Structures are given as C-alpha cells and as structure tokens.
Amino acid sequence: MSPRADPRPGVAYRRPEGDAARIVLESAGDPELPIEDLALDSWLEAVHPEDRDRLREELGGDGVDVAYRVVRDGTDPTWIHEHGRRAEDGDVIGYLLPAYDRIERQRRLEQQRERLEEFASVVSHDLRNPLSVAVGNLELARDFDGDEANERIDRVHDALDRMDELISDLLSLAREGRSVEATAETDLRAVVDRAWATIGRTANAELVVEEPLPRVECDRNRLRQALENLFRNAIEHGSDGEIDEDATPVGDDADRPDDATADRRVGSDGVRVFVGRTDDGFYVADDGPGIPEDDREDVFEPGHTTAEEGTGFGLAIVERIAEAHGWSVSVAESRAGGARFEFAGVERHDDPDGTAGDDPASGTAVSDRGSPSAE
C-alpha cells in the first residue's frame, strides 16, 4: 500500500452561480484557516466591509484570485486567499487558502517600493545640489590662479564630502529596512557607553545615565547605531560646539568611558544627554532646544532636517532600527525642555526594582565620568 499523500493545504469550495454571499465547503478544514464557524449562506457579511467590492468584482469574471479579510467578533481579521475558476455550469470552484504569506510578500514589496521612492528623491534632489556646486566650482577653478583657484577646489571638496555623507546615510537607511534576525541579551549600559565614546567627543556635552539600566533583547550593533544617531542629534542641535571628528574615541572598547572625556568639555553652554529606563523600555533625552510640537510627527521622515549640514536621515534610521526590533519610538518634550525619544515594547531580561525613569534623572544619576550627579 502506497504511503498516504499529505493533504492539500486550504479548503476546497464551491460558489453556486458565483454568488458572493454563498459558499459551500467541499473538503475538510485547514487548521490554519478556521472558517467552519462562519455563516456560509451569508458569507459576504463576514467579509470586511472594505474588501467586499473587491471580492464581488473578482467573482464577476472567469477566474478568481483575490485576498480579503473575514471578521469575527472579538478577534483580529483572518486573511484569506481565494483562488478559483468558473465551471461550465456557472459555479465558481477552487480553494480558500491562508493568505499570510501572500500578504507578507505584498508588504515587503510595498516597503521596497517606498525605499525606491526615497532613493529616487535623494538622487534627484539632495545629491543633485552638491553635485551642481562641485561642477560649477570646478569649472570656475579653471579660470583662476593661486588662492582663488584653491578656494574653488576647496568648495568642490566640501560638496563631495556632502555627497559622501548623503550616500552613507542613504545606504544605512536601506539596510535598516530589514528585520532583525539575530538578537541576544545585552547590557544596555554597555551599549550606551560605547555609543557615547564614539559620538560624545564634543567640547561641551555630558552624558547622564539613570541607573540601573535594564538588560534588553536586541541586535547590539544596530542598537548602538540608533543611540549614536540620537546622541549626535542632541549634540548638533543642543550645543554651541561641534563634534570633533579628529578626536580619539574614549573607551570605544571598554565598558565605561574614562575621565579623558572631561578634557574636551569646556564652558557651560553645552548640552546634557540623559538615558534611563521606562515601564516598557528606555528613553534618550536632552536639555537642548527641543522639537516643536508641530514638527514631531515629521522628524522620522527621511530627509527631514532643520540643520543646514544635516542629511535628514539620522532619525529615520533610528525609527527603522526600532521597528526592526518590534519596538516603537516616539518623541516628546523632556522635563528639561529638550527632546525626549522613548522606546517602547522592549523585551527586557531583568526588571530592577524602582520606578520608571523621568528625565532629567531624578535622584542620583551617573554621568559619563562615572561619578554621581544629582539632578
């Protein structure tokens, strides 16, 4: 006796005369497609109102290939892929299949389309501007000698540097469209310190950490990039100084930055950056000028920036990294009047006793120099 073949996925069905409101099941149910409890003689009533016209239109032709939702009280909609053909007697016969794979493919295609539109926007506008500057100044340099020619060449270099920065951020944005495939339990404080060691090299910025930070489930490198972008954003918008790109990173491979950070901090007009825990995640805040309420919905849009030298991709990358982890990120006003970025839905492996953080850190916090700092 030959082995029994695996059952065909889905449920065989018949629609008498192609009636959208009636359906007859002609095979056993599929555990991935729980529809037996639906009213088969009033099928259309179970179809989501937004999908009914699309189903009717498909049933009006010779073939049916459509995905739609059926709804039960108190449960999320179930996506169904209906695939059939019209028989000689006018009935429509075919299979009802789970549509999750189809919907997921459609979602990925939609994301890819959105990425392509973003790339086209950058190539057609943001990259064209510095390219025009470079070409124009290169042509002018041919007409000058000495210092005047060198000045034009310098402008060409500046424009090319700008293009390189845009391309780098654009590639980062493309990579962050992927989901996180490998995560591990990670000490959030260690990731914060390494990110600050890379970015916090300005003469007038200070990191203040509310202890204890939780251990979180994450992709360590991608979380570090998100934190670096937030730190850079706070420093560039909130301090009078600029990030010293030539400075030696402090503590890049250590668990804590050392006191050398203080040697590059002068004056009192700088920005403080706060990191702490919340009920279901963590926050990054600052005491800079903040983000106007009317602009908060737009700050994560690719290309949105209020800084002359900004690319507008930093916060978009932060949002992509959060979404890839299954988190959400939102922006509000910090207690100090600056910006507060809050990550929610973060899986934590420990939940230290104490209340959620409120920036600036209440009680005792630890600054980037490792000493207690009362806020």
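Our structure is the block above this text.
Residues numbered from 1 in each chain as written. Predicted model: local features only at pLDDT ≥ 70, side-chain atom pairs only at ≥ 80, totals over all residues. Heavy atoms only, no water.

Section: the nonpolar core
Counting residues in hydrophobic clusters, the biggest one holds 40 residues, and the most contacted among them are V192, L223, L227, F231, F341 and F343. Here this core gets seven residues from one element, more than from any other, and that element is helix 7 (residues 220-238). The contacts of F231, once residues within four sequence positions are left out, are V192, A195, W196, I199, L207, V273, V275 and V284. Membership of the second largest hydrophobic core comes to 20 residues, among which are W43, L59, V64 and I80. (Core = buried A, V, L, I, M, F, W, Y, C linked by side-chain atoms within 4.5 Å. Buried < 20%, exposed > 50% of the residue type's maximum accessible area, 1.4 Å probe, protein only. Helix = DSSP H or I, 4+ residues; strand = E, 2+ residues; numbered from the N terminus. Contact = heavy atoms within 4.5 Å.)

What about the sheet that holds strand 2 (residues 24-25)?
Pairing between sheet strands relies on hydrogen bonds along the backbone, with the strands arranged either parallel or antiparallel. Ordered by their spatial adjacency, five strands build an open sheet running 2-1-5-4-3, and the pairing between neighbours is antiparallel. Of all the strands in the sheet, the pair left with one neighbour each is strand 2 and strand 3 (63-70). Along the sheet, helix 2 (residues 52-59) makes contact with strand 1 (11-15), strand 3, strand 4 (78-86) and strand 5 (92-98), crossing strand 3 at roughly 165°. (Pairing = 2+ DSSP bridges. Axes fitted to C-alpha atoms, helices over the stretch in contact; angles between N-to-C directions.)

Details of a negative patch on the surface
On the surface, D154, D158, D161, D164, E165 and E236 cluster together into a negatively charged patch. When residues of the negative patch are assigned to their parent elements, the largest contribution, five residues, is made by helix 5 (residues 146-175). Mapped onto the elements of the fold, D164 is located in helix 5. Given a relative accessible area of 55%, D164 falls into the exposed group. (Patch = residues over 30% accessible without salt bridge, like charges linked within 9 Å, V, L, I, M, F, W, Y side chains within 5 Å. Areas by Shrake-Rupley, 256 points an atom, 1.4 Å probe, with all protein chains shown as cover. Salt bridge = Lys/Arg side-chain N within 4 Å of Asp/Glu carboxyl O. Lys, Arg positive; Asp, Glu negative; His and termini not counted. Charge placed at Lys NZ, Arg CZ, Asp CG, Glu CD.)

What about the packing of aromatic side chains?
One pass over the structure, following the stated rule, counts four aromatic pairs. Taking the centre distance of 6.0 Å and the plane angle of 90° together, the rings of F282 and W327 count as edge-to-face. A residue pair is termed long-range when its members are at least 10 positions apart, and F282 in strand 10 (residues 281-286) and W327 in the loop between helix 9 (314-324) and strand 11 (328-333) qualify at 45 residues. Accessibility classification places F282 together with W327 in one group, the buried group. Taken together, a centroid distance of 4.6 Å and an interplanar angle of 15° make the contact between F282 and F343 stacked. With F282 in strand 10 and F343 in strand 12 (residues 339-344), this pair connects stretches of sequence that are 61 residues apart. Put simply, the rings of F282, W327 and F343 touch in pairs and so form one group of aromatic residues. Above the face of the Y283 ring, R340 is positioned so that its terminal group lies 4.2 Å from the ring centre. (Phe/Tyr/Trp six-rings, centres within 6.5 Å; stacked < 30°, edge-to-face > 60°. Lys NZ or Arg CZ within 6 Å of the ring centre and 35° of its normal.)

Here we look at the side chain of R69
Take R69: it is sitting in strand 3. Of the residues examined, R69 reaches a relative accessible area of 17% and is grouped as buried. Reaching out from R69, the side chain makes a polar contact with the side chain of E50 at a distance of 3.3 Å. (Polar contact = N/O pair within 3.5 Å; in protein donor to acceptor, adjacent residues only side chain to side chain.)

Remarks on the environment of A28
Looking at where A28 falls in the secondary structure, it is placed in the loop between strand 2 and helix 1 (43-46). C-alpha separation for the pair A28 and V11, spaced 17 residues apart in sequence, amounts to 6.6 Å. With sequence-adjacent residues up to four places away left out, A28 is seen in contact with G10 and V11.

Quick notes on the pattern of salt bridges
Here the structure, examined in full by the defined rule, presents 15 salt bridges. A salt bridge links R272 to D287, with the shortest nitrogen-to-oxygen separation between them at 3.2 Å. With R272 in strand 9 (residues 271-278) and D287 in the loop between strand 10 and helix 9, this residue pair connects regions lying 15 residues apart in the sequence. For R272, a relative accessible area of 27% gives the class partly exposed. On the accessibility criterion, D287 (24% relative accessible area) is partly exposed. Among the charged side chains, a salt-bridge network with shared partners connects R14, E26, D89 and D91.

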